[in-house]
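# Close look at the chain arrangement
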Number of protein chains: 2
Amino acid sequence: MNSANEGAVDRPIRVLILGGGFGGLECARHLKDDRFAVTLVDKRNHHLFQPLLYQVATAGLSAPEIAQPIRMLVRGQENVSVLMDEAVSINLAERRVELRQQTLGYDYLVMAMGVKTGYFGHGEWAEHAPGLKSLEDATRIRSGVLRAFERAESGVDPVSRERLMTMVVVGGGPTGVEMAGALAELSRKVLAEDFRRIRPETAHVILIEAGPRLLPTFAPDLSEYARVRLEKMGVQVRLDTRVQNIGDGLVELHNGRLEAETIVWAAGVEGNALTKNLPVPQDRAGRLLVRPDGSLPGFPEVFAVGDMISLTDKNGVKVPGVAPAASQLGRHVAGVILAELRHRERYHATQERAAFAYLDKGSMATIGRSSAVAAAFGLKFRGYLAWLMWLFVHLLFLVGFRNRIAVVLQWVYSYFTWRRGARIITREDVNVR
Amino acid sequence: MNSANEGAVDRPIRVLILGGGFGGLECARHLKDDRFAVTLVDKRNHHLFQPLLYQVATAGLSAPEIAQPIRMLVRGQENVSVLMDEAVSINLAERRVELRQQTLGYDYLVMAMGVKTGYFGHGEWAEHAPGLKSLEDATRIRSGVLRAFERAESGVDPVSRERLMTMVVVGGGPTGVEMAGALAELSRKVLAEDFRRIRPETAHVILIEAGPRLLPTFAPDLSEYARVRLEKMGVQVRLDTRVQNIGDGLVELHNGRLEAETIVWAAGVEGNALTKNLPVPQDRAGRLLVRPDGSLPGFPEVFAVGDMISLTDKNGVKVPGVAPAASQLGRHVAGVILAELRHRERYHATQERAAFAYLDKGSMATIGRSSAVAAAFGLKFRGYLAWLMWLFVHLLFLVGFRNRIAVVLQWVYSYFTWRRGARIITREDVNVR
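Residues numbered from 1 in each chain as written. Chains lettered and ligands numbered in written order. Predicted model: local features only at pLDDT ≥ 70, side-chain atom pairs only at ≥ 80, totals over all residues. Heavy atoms only, no water.

### Brief notes about the overall build of chain A
Where we set the bar: Each helix corresponds to a stretch of at least 4 residues labelled H or I by DSSP, and each strand to a stretch of at least 2 residues labelled E; elements are numbered beginning at the N terminus. Think of it in three bands: residues with accessible area under 20% of the maximum for their type are buried, residues over 50% are exposed, and the middle band is partly exposed, with areas taken using a 1.4 Å probe on protein chains only. The contact criterion used is simple: two residues touch if any of their non-hydrogen atoms lie within 4.5 Å. Exposure was quantified through the Shrake-Rupley algorithm and a 1.4 Å probe, taking into account, for residues, occlusion by the shown protein chains and nothing else.
Along its length, chain A carries twelve helices and 25 strands. Here chain A holds 433 residues, and the buried ones make up 58% of them. Across chain A, every contact between residues at least 6 apart in sequence was considered, and the portion connecting residues at least 24 apart equals 64%. Split by element, the accessible area of chain A, about 17,300 Å² in all, is 53% carbon and sulfur.

Put into structure tokens, the structure is as follows:
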């Protein structure tokens, strides 16, 4: 029997993808087959290039330069429709997802909602120490930092000035290291000449890490290199330091307290609230323990991708919660769904599904202007070469983003002038507190 | 007697400038003399290139591309310090200005706070029909328009869909014409291919003007040309139409009513609340009637510049409330202050102050892609040539703005692809209403 005909008479197969991040978007893009009616749902209208979010938070780039409307990214693919909506409940048994504005059934469900900032059970800290997950987070941090310097300049008492010019970053992973480095550059280089009463270069940037070293996923010598570099840049790195409480402008440590107007939380993430109650195994952080093909145990028609899952791939490699892994698994899941359809058409039977194999293209973290650490293909890089690699990889990533030319220009410009263009405070609550 | 010495022994002369718009910024930049201690106060941290604000509102440009930190613009001028603060009261008798965070005395005061959107006594309309004065206004309109299309796409009833896809612009001046044209392009070109269920090109863009023609400050044939062009672009132009009430998604006219999710107010401005109670003459709209040199009657040490004043210059020309006029008067006032100091040093006497002469470099309004109207040096232009003039002039304006390269790229890109990069909804209240 001719599969094309059979496909033609079938009603389209409904694939519902929740989340337009790297995993969900890549999955949708690879379901190029008119027999699939793909619906991509995201509560925001844009796909976000998260690896550069810290640049928006530190006024290096403007929000639209690292975000792209999801519709635009799939505009050419007629079988994909995009909905700006949010899932409020998932019913695996009846294969339905309730959105705010409607309820959708599915034949295949791909969950790619990602994780949210986790405060280890201290949700009340969020208000004082935003994480760095969304453009709102980034612009909030940017406005907060810039406003703090503005208020310090407009003649306050020395104690307040000290607090206003202190920035604390909690968490020594890549995000924390990149934020701390960028904040140090912002105060010591970008803002240095712009004030008359205060000296921004005297601002304190303090990086708190509970563990014994920064960048724990990297080799120890790279961790050490990052620490030394950051301290050269003026960042106070505090290792083996635990945060016990966070209040308004206040961080209480197990060995002291810090008054800081700006507090950034880069210490942890937690699973999506929506998946907590699903009848599927999860790890302590709420990540879904998926099967080797990316599907949920007991629900072969449901998949999960991205940093919301926990999976050891077919080569025994623990799949990290990074963008490349999310894209790869998204593509893999699309392949599984396509293969299943074609196999069933031909043999009217299901086949064993392929297990996911993660291709580690390496990991890197930038410490600041022209300095980074990278590990790829068993080799370690650091300093300027690693930074060039970082720059190259991230510009490659941006391909497909219309903004890439503008972004490159921005970086070239900022690199030589130390000026940053996105130093704009746009929120209404100017002069609050 | 050597004026330099005398200047050196004097305490610095305190010049307080309220507002970092075109007028205030230009005044500060021309007070290049260390005998002046210039303080520039603005409630925002950025100088805004208002003529392109409509581009941000219609997703053509991102906010930072038309805004620049005020500090950065005067960083080289040591005698100028910038404060991000807001004046709450002005005491002309005691020469003091109370800011939110402190009170400042002055020897010279330059008021350049601009005007705010005026609703002819119907302040309650503001909530439903934002004006276009600030980046917050622009991003609010942008998010509203984009979200309306998103909600229309996510399957609502036909009536709601009609409302969601209707945009009303009130006011047929340059801002209203530019907004209507840009909204028509946004729906008919930029968004056209991005949706599956709705057809954005069927969206309604309605431009309401109470008077008999658009662009009343231009020649009648240019007004007519603008009307014809806009209607070709799909804009419904309604002349001689008065707005009687504005509610949530509703515009009541003297001859009917319109249901529209997006309502933009470009119909009027009113004087700054701060100046209303000052003991100085004002016109009905609350504009200050300044003397020929730009000072306030009875207060020679106090000046006002920009669109918050009403002045007929020495050539009998009514000074318009546009950016070039604001810059010119700001420069003129700086000149008056400088001349006064030098004259007093030399002759220990005051001199007659120079009267302001406005140099009209022409006025223009863009109707849409590659079409505009312009009047300059007694000549009239329209169509493509006028648009090129408009583009040229506005790019010139942007000189000094780091972003100009990026802006040019954006425009070139958008011109050929109809894509717009800033189509990002960044406010938290997604799915409200």
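Read on for the rest.
### Let's talk about the side chain of Ser295(B)
All names here are of chain B. Just so we agree on the cut-off: Two N or O atoms form a polar contact when they lie within 3.5 Å of each other; inside protein one atom must be a possible hydrogen donor and the other a possible acceptor, and for residues adjacent in sequence the pair counts only when both atoms belong to side chains.
You can see Ser295 is positioned in strand 20 (residues 295-296). Residue class for Ser295 comes out buried when judged on its relative accessible area of 1%. Within the structure, Ser295 has its side chain in polar contact with the side chain of Asp293 (distance 2.8 Å). In this structure, Ser295 is in contact with Val290, Pro300, Val302, Phe303 and Arg353, ignoring residues within four places of it in sequence.

### Describing the sheet that holds strand 23 (residues 363-368) of chain A
Residue and element names in this part refer to chain A. Heads up, the rule is: Two strands pair under a simple rule: DSSP has to find at least two bridges between them. Think of each axis as a best-fit line through the C-alpha atoms, taken over the contacting stretch in the case of a helix, with angles from 0 to 180 degrees between the N-to-C directions.
In spatial order, the strands read 23-24-25; together these three strands make up an open sheet with antiparallel pairing. On the outer flanks of this sheet lie strand 23 and strand 25 (379-383), each paired with one strand and no other. Neighbour-to-neighbour, the strand axes of the sheet open up by a mean angle of 5°, direction not taken into account. Alignment of strand 23 against strand 24 (residues 371-376), held across five bridges, turns out to be antiparallel. Across the sheet, Ser363 pairs through a bridge with Ala375, a residue of strand 24.

### Structural notes on helix 10 (residues 323-347) of chain A
Side chains of residues three or four places apart in an α-helix project in the same direction, reflecting 3.6 residues per turn. For clarity, the threshold we go by: Given a helix with a known number of residues, its expected span is that number minus one, times 1.5 Å.
With 25 residues, helix 10 of chain A extends 36 Å from end C-alpha to end C-alpha; this agrees with the ideal 36 Å at 1.5 Å per step. Note on helix 10 of chain A: the residue one or two positions beyond its end, His348(A), has a positive phi of about 45°.

### Considerations on the nonpolar core
Put simply, the rule is: Note on terminology: a nonpolar core comprises buried Ala, Val, Leu, Ile, Met, Phe, Trp, Tyr and Cys residues joined through side-chain atoms within 4.5 Å.
Counting residues in each nonpolar core, the largest one holds 66 residues, and the members touching the most others are Ile66(B), Phe149(B), Met179(B) and Leu230(B). Aside from chain neighbours lying at most four places away, what touches Leu230(B) is Val177(B), Gly181(B), Leu207(B), Leu214(B), Val235(B), Val237(B) and Ile367(B). Among the nonpolar cores identified, the runner-up in size contains 65 residues, and Val235(A), Met364(A), Ile367(A) and Ala386(A) belong to it.

### Comments concerning the pattern of salt bridges
Rules: The working definition used for a salt bridge is a side-chain nitrogen of Lys or Arg within 4 Å of a carboxyl oxygen of Asp or Glu.
Under the counting rule described, the total for this entry stands at 54 salt bridges over all chains. Glu193(A) is the partner of Arg75(B) in a salt bridge, and the nearest nitrogen-oxygen pair spans 3.8 Å. Here Arg75(B), found in the loop between helix 4 (70-73) and strand 5 (80-84), pairs with Glu193(A), found in the loop between helix 7 (174-190) and strand 12 (204-208), and the two come from separate chains. The class for Arg75(B) is buried, based on a relative accessible area of 11%. Residue classification places Glu193(A) among the exposed positions, given a relative accessible area of 52%. Between Glu340(A) and Arg344(A) there is a salt bridge, and its shortest N-O distance comes to 3.9 Å. Here the residue Glu340(A) and the residue Arg344(A) both occupy positions in helix 10, the gap between them amounting to four residues, near one helical turn. One salt-bridge network, in which partners are shared between bridges, spans Arg291(A), Asp293(A), Glu340(A), Arg344(A) and Arg353(A).

### Observations regarding the confidence of the model for chain A
Residues and elements named next belong to chain A. Rule in force here: pLDDT expresses, on a scale from 0 to 100, how confident the predictor is about each individual residue.
Of the residues in chain A, 89% reach a pLDDT of 70 or more, and the chain-wide mean stands at 88. The low-confidence segment residues 1-8, where pLDDT is below 50, has seven contacts with residues more than four positions distant or belonging to other chains. For the stretch residues 427-433, pLDDT sits under 50, and the model shows 23 contacts to residues farther than four places along the chain or on other chains. For this predicted complex, the interface score ipTM comes out at 0.83, alongside a pTM of 0.86.

### Observations concerning the packing of aromatic side chains
The geometry of an aromatic ring pair is captured by the separation of the ring centres together with the interplanar angle, meaning the angle of the planes. Keep this limit in mind: Paired rings are identified among Phe, Tyr and Trp, the last through its six-membered ring, by centres lying within 6.5 Å, and are further divided according to the angle between planes into stacked (under 30 degrees), edge-to-face (over 60) and tilted (the rest).
For the structure shown, the criterion picks out 14 aromatic pairs over all chains. Ring geometry for Tyr108(B) and Phe303(B): centres 6.4 Å apart, planes at 40°, overall tilted. With Tyr108(B) in strand 9 (residues 108-111) and Phe303(B) in strand 21 (residues 299-304), this pair connects stretches of sequence that are 195 residues apart. Each member of the pair Tyr108(B) and Phe303(B) is classed as buried. Ring pairing ties together the aromatic residues Tyr119(A), Phe120(A), Trp125(A) and Trp265(A), which thus form one cluster.

### Quick notes on helix 2 (residues 22-29) of chain B
Burial within helix 2 of chain B is extensive, with seven of its eight residues counted as buried. Along helix 2 of chain B, the positions that sit buried rather than exposed are Phe22(B), Gly23(B), Gly24(B), Leu25(B), Glu26(B), Cys27(B) and Ala28(B).

### Some words on the environment of Glu340(A)
Residues and elements named next belong to chain A. For Glu340, a relative accessible area of 9% puts it in the buried group. In sequence terms Glu340 and Gln351 are eleven residues apart; their C-alpha atoms lie 7.0 Å from each other. In contact with Glu340, not counting residues within four places along its chain, are Tyr108, Gln351 and Arg353.

### Considerations on the sheet that holds strand 7 (residues 96-99) of chain B
Residue and element names in this part refer to chain B. Ordered by their spatial adjacency, three strands build an open sheet running 6-7-8, and the pairing between neighbours is antiparallel. Across the chains shown, the open sheet's two edge strands, defined by having one partner strand only, are strand 6 (87-91) and strand 8 (103-105). Pairwise comparison of adjacent strand axes, ignoring direction, gives a mean angle of 20° for this sheet. As defined by bridge partners, strand 7 adjoins strand 8 across three bridges and the pair is classed as antiparallel.

### Side note on the side chain of Asn45(A)
All names here are of chain A. Mapped onto the elements, Asn45 comes out in the loop between strand 2 (36-42) and strand 3 (46-48). Judged by relative accessible area, which is 6%, Asn45 ranks as buried. Side chain to side chain, Asn45 and His46 meet in a polar contact 2.9 Å long.

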